[in-house]
Amino acid sequence: NAGVTQTPKFQVLKTGQSMTLQCAQDMNHEYMSWYRQDPGMGLRLIHYSVGAGITDQGEVPNGYNVSRSTTEDFPLRLLSAAPSQTSVYFCASSNPRTGLMNTGELFFGEGSRLTVL
Amino acid sequence: AQSVAQPEDQVNVAEGNPLTVKCTYSVSGNPYLFWYVQYPNRGLQFLLKYITGDNLVKGSYGFEAEFNKSQTSFHLKKPSALVSDSALYFCAVRDTKAAGNKLTFGGGTRVLVKP
């Protein structure tokens, strides 16, 4: 049981390049999300998905696309990278349906550090 | 809209002394409250949560937190800090009136425990 796996762990891009950050979970969690972490700003929600085929925007969605074709995978695409997208990206999942209290605490991957030059 | 504030960027404490990390929140409904910890170059790990019931909740590694509805606070505490508790701590809230499972995180508080 690997939990939430993110790849790559590190990536350097030039402005204007595109790339995809991969996220996979093996816990059969319905809910998956992407956050970015910037110093002093905590974690900000980019996009999330409550199940296969369903995605929605979070707090800072501009410049990012997501899709959810399977329960396990939730890739984050940067369409045209900008220096403002230099950040650490975290994928997180939960199963809101489990537990009596339906609380769904998040399980995080170890992060992907992206630098855009 | 839901929000979380962690008023201290950093907390310094000597090993063996009590540790407190402050958190206040704002929601329109009832809150689900969480504390997460992040060690260097790692993802966030769940510490504890408040959903309902007893205002004092106990979590991993000897941490506890007290929910105070009148003060809209959820401070994290540990009676005797260890050097290994040095990390970045995040408070998070979920508004029970909001759809989905969106958590809003505070800006984080860095804890430094000195020997």
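Residues numbered from 1 in each chain as written. Chains lettered and ligands numbered in written order. Predicted model: local features only at pLDDT ≥ 70, side-chain atom pairs only at ≥ 80, totals over all residues. Heavy atoms only, no water.

Caption draft 1: Local environment of the overall build of chain B. A count of helices and strands for chain B gives zero helices and 12 strands. What you see in chain B, going N to C, is helices and strands ordered as β-β-β-β-β-β-β-β-β-β-β-β. Its C-alpha radius of gyration of 14 Å places chain B within 12% of the 13 Å reference for a compact globule of 115 residues. With the principal axes as the frame, chain B shows a C-alpha extent of 45 × 30 × 20 Å. A buried classification covers 45% of the 115 residues belonging to chain B. (Helix = DSSP H or I, 4+ residues; strand = E, 2+ residues; numbered from the N terminus. Rg over C-alpha atoms; globule rule 2.2 N^0.38 Å. Buried < 20%, exposed > 50% of the residue type's maximum accessible area, 1.4 Å probe, protein only.)

Caption draft 2: Structural detail: the overall build of chain A. Looking only at helices and strands, chain A features zero helices and 11 strands. Taken from N to C terminus, the helices and strands of chain A fall in the order β-β-β-β-β-β-β-β-β-β-β. The C-alpha atoms of chain A give 14 Å as radius of gyration, which agrees with the globular expectation for 117 residues (13 Å, within 12%). By its C-alpha atoms, chain A is 45 × 30 × 25 Å across when sized along the principal axes. Per-residue burial over chain A gives 48% buried out of 117 residues. Residue pairs at least 24 apart in sequence account for 54% of intrachain contacts in chain A once pairs closer than 6 positions are excluded. Working note: accessible area of chain A is about 5,500 Å², and carbon and sulfur atoms make up 52% of it. A gap of 9 Å separates the mean positions of the 8 positive and 9 negative side-chain charges of chain A. (Contact = heavy atoms within 4.5 Å. Areas by Shrake-Rupley, 256 points an atom, 1.4 Å probe, with all protein chains shown as cover. Lys, Arg positive; Asp, Glu negative; His and termini not counted. Charge placed at Lys NZ, Arg CZ, Asp CG, Glu CD.)

Caption draft 3: Expanded view of the packing of aromatic side chains. Summed over all chains, the structure comprises 16 aromatic pairs over all chains. Summarising the aromatic geometry, the rings of Phe108 of chain A and Tyr36 of chain B are spaced 5.6 Å apart at their centres and angled 80° between planes, so their arrangement reads as edge-to-face. Residue Phe108 of chain A is located in strand β10 (residues 107–108), and its partner Tyr36 of chain B is located in strand β5 (residues 31–38); the two belong to separate chains. Like Phe108 of chain A, the residue Tyr36 of chain B is buried in the burial classification. When the centroid spacing of 6.1 Å and the interplanar angle of 75° are considered together, the rings of Phe108 of chain A and Phe105 of chain B count as edge-to-face. Of this pair, Phe108 of chain A sits in strand β10 while Phe105 of chain B is found in strand β11 (residues 104–105), placing the two residues in two different chains. On the basis of relative accessibility, which here comes to 11%, the residue Phe108 of chain A falls in the buried class. In this structure an aromatic cluster arises from ring pairing among Tyr35, Phe90 and Phe108 of chain A together with Phe34, Tyr36, Phe46, Phe90 and Phe105 of chain B. Sitting over the face of the ring of Phe74 of chain A, Arg68 of chain A holds its NZ or CZ atom 5.9 Å from the ring centroid. (Phe/Tyr/Trp six-rings, centres within 6.5 Å; stacked < 30°, edge-to-face > 60°. Lys NZ or Arg CZ within 6 Å of the ring centre and 35° of its normal.)

Caption draft 4: Broad picture of the nonpolar core. Among the nonpolar cores identified, the biggest contains 26 residues, and Leu19, Trp35, Leu47, Leu48, Phe74, Leu76 and Tyr89 of chain B are the most heavily contacted of them. Going through the elements one at a time, β2 (10–14), β3 (19–21), β5, β6 (44–50), β8 (64–68), β9 (73–78), β10 (87–95) and β12 (109–114) of chain B are the ones with two or more residues in this core. Membership of the second largest hydrophobic core comes to 20 residues, among which are Phe108 of chain A together with Tyr32, Leu44 and Ala92 of chain B. (Core = buried A, V, L, I, M, F, W, Y, C linked by side-chain atoms within 4.5 Å.)

Caption draft 5: Up close: the interface of chain B and chain A. On the chain A side, the residues contacting the 21 residues of chain B number 22 residues. Between chain B and chain A, the buried area comes to about 1,800 Å², and carbon and sulfur atoms account for 55% of it. Across the contact surface, chain B and chain A share two salt bridges. Salt-bridge contacts for Glu105 of chain A lead to Lys49 of chain B; the nearest nitrogen and oxygen are separated by 3.1 Å. For the pair chain B and chain A, the interface holds five residue pairs in polar contact (both at pLDDT 80 or more). Counting residues per element, the ones that place at least two in the side of chain B that touches chain A are β5, β6 and β10 of chain B. For the side of chain B that touches chain A, the leading source of residues is β5 of chain B, giving four residues. Of the residues assigned to the side of chain B that touches chain A, the class counts are 10 nonpolar, seven polar and four charged. (Buried area = accessible area lost by both parts, 1.4 Å probe. Salt bridge = Lys/Arg side-chain N within 4 Å of Asp/Glu carboxyl O. Polar contact = N/O pair within 3.5 Å; in protein donor to acceptor, adjacent residues only side chain to side chain. Nonpolar A, V, L, I, M, F, W, Y, C, P; charged D, E, K, R; others polar.)

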